[in-house]
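Residue strings, one per chain:
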Amino acid sequence: MNRLNVLRGQGSWSGVALRRFSRSTTAMLLCVVVTGYVALGVASSGAFFEGPSVRVFLQYLATPILIGLAQMVALCVGQLNLAVGALGGFTACLTGVLMADHGVPAAVAVIVGLLTATAIGLATGLVIVATQINGFIVTLATMTILLGAQYRLTGTRTVDSYSPALRDLGTAAPLNIPLVFVTALVAAALLAAFMYRTVAGRRLLAAGGNPLAARLSGISTDRQIVAAHTLSGLLIGVAAVTATASLPGVNRSVGGDWLLPSFAAPIIGGVALTGGSIAVFGTVLAAFVTRLIDAARAQFSLDPSWVNLLIGLVVLGTVAGGRLHQSRLGRTDDTGSPPAEGGKQPPAVLPQPGGAR
């Protein structure tokens, strides 16, 4: 009898979880990805399903996933990182120049690029905390500085004579699954494990969700801001390496079109601009959606400006929908009625002895 009750309880829990997932943003994005991919396959008379097309599609999906995750980490503590594209472009050019102009081995150049991007992210966080200037302004200044540094590295030329080994890594695709795409998925999985399973990750979410309660619990919000920008810089560095490996060459235009997709992926994926939340799987799926839009543009020979217009409208609609949903929840709370399913806010961090350190 007890065993029967346990089975019934498990079945009930599974049913509730399935219903919640079916109403979530992730489920909607999953349906959009599947429908869009099938539609493009049908429109191309099946060519979109063939191995070479799959390989190219996934190869150029790695960077949108990584820059979306980098922006998501900044958003989770209530920050904005406007330097995503500039830092990625500078790191890619630095890596290429080290190999092409100075003969640095590919492995060393990649490590230098990753460390540089991480250090710039760390410096950005430290400046924000030390000056108490809004992160929007600091990252805007960082973006301007890095754009100048990127131009100083390459000028008007395209650097393309770098390591064949790195190029081989960028084009390698066992079973038509590019290694750079696998790298992006591994980074997403590691980030999810860090944010959901470690104390450091939960502190980031606590600091972004309720800074006052976090400070009362002994969590330094300043440290979390620095940690978030450092981790964001590392992810941008990985994106720069994958871009350098995948592209035929690097120049001052690399990273110039990264800013909008970096915001689009986490926002469409369900991440709140106010901080305190992440959506790793949703961000990955939203990157799929933006890549599908770009593939549709190429398929139907549309003007590139339509891609940015459509992505911008989707982002605006997502933000407006989130605001409307929050206002409805607020009105419901004011009337004393319980919040709707899925609208329950996470509990605040309980105060504990000891101030923020």
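Quick look at the overall build of the protein chain now. What the protein chain contains, in helices and strands, is 15 helices and zero strands. By the burial criterion, 44% of the 357 residues in the protein chain qualify as buried. Within the protein chain, contacts between residues separated by at least 24 positions form 76% of all contacts whose residues are at least 6 apart in sequence.

So, on to the environment of Ile278. Mapped onto the elements, Ile278 comes out in the loop between α13 (259-269) and α14 (280-299). Sequence-wise, Ile278 and Cys76 are 202 residues apart; in three dimensions their C-alpha atoms are separated by 6.1 Å.

Let us now look at the side chain of Asn81. Looking at the element boundaries, Asn81 is found in the loop between α4 (62-75) and α5 (84-102). A distance of 3.2 Å separates a polar atom in the side chain of Asn81 from a polar atom in the side chain of Ser232. Among all residues touching Asn81, those that are not within four sequence positions of it are Gln71, Ala74, Thr139, Ser232, Ile236, Leu259 and Phe263.

A few words on the pattern of salt bridges. Taken as a whole and judged by the stated rule, the model has three salt bridges. Put simply, Arg291 and Asp294 hold a salt bridge, and the shortest N to O gap is 3.4 Å. Remark: Asp294 and Arg291 occur in helix α14; sequence separation between them is three residues, near one turn of the helix. A residue is classified by how much of its surface remains accessible, and Arg291, at 11% relative accessible area, is buried. Under the relative-accessibility criterion, Asp294 is labelled partly exposed at 30%. For Asp294, the salt bridge identified is with Arg297, shortest N-O distance 3.4 Å. Linking Asp294 with Arg297, this pair stays in helix α14, spanning three residues, or about one helical turn. Each of Arg291, Asp294 and Arg297 takes part in salt bridges that share partners, so that together they form one network.

Taken as a whole and judged by the stated rule, the model has one cavity of 30 Å³ or more. In this model, the largest cavity occupies a volume close to 70 Å³. Together, Asn81, Ala83, Leu87, Ile120, Gly121, Thr124, Thr139, Thr142, His229, Ser232, Gly233 and Ile236 line the largest cavity. Taken together, the elements giving at least two residues each to the lining of the largest cavity come down to α6 (106-131), α7 (135-154) and α12 (221-246). Broken down by element, the lining of the largest cavity gets its largest block of residues, four residues, from α12.

Parameters at a glance
Each chain carries its own residue numbering, running from 1 in the written order of its sequence. Reporting in this predicted model follows two pLDDT cut-offs: at least 70 for local features of residues, and 80 or more for side-chain atom pairs to be given and counted; totals over whole chains, interfaces and linings ignore these cut-offs and use all residues. The side-chain quantities take in all heavy atoms of the structure and omit both hydrogens and water. Helix and strand assignments come from DSSP, with helices taken as H or I runs of at least 4 residues and strands as E runs of at least 2, each series counted from the N terminus. Partly exposed describes any residue whose relative accessible area lies between the buried limit of under 20% and the exposed limit of over 50%, with all areas from a 1.4 Å probe on protein chains only and scaled to the type maximum. In what follows, a contact means two residues having at least one pair of non-hydrogen atoms within 4.5 Å. Whenever a nitrogen or oxygen atom comes within 3.5 Å of another N or O atom, the pair is scored as a polar contact, on the condition that within protein one atom can donate a hydrogen and the other can accept it, and that pairs from neighbouring residues in sequence are kept only if both atoms are in side chains. For salt bridges, the criterion is a side-chain nitrogen of Lys or Arg within 4 Å of an Asp or Glu carboxyl oxygen. With a 1 Å grid laid over protein atoms only, a set of points is called a cavity when a 1.4 Å probe fits there but cannot get out and a pocket when it is open yet has protein on both sides within 12 Å along at least five of seven lines; lining residues have an atom within 4 Å of a point. Grid points are joined across faces, edges and corners, and a volume is the space filled by probe spheres set on the points.

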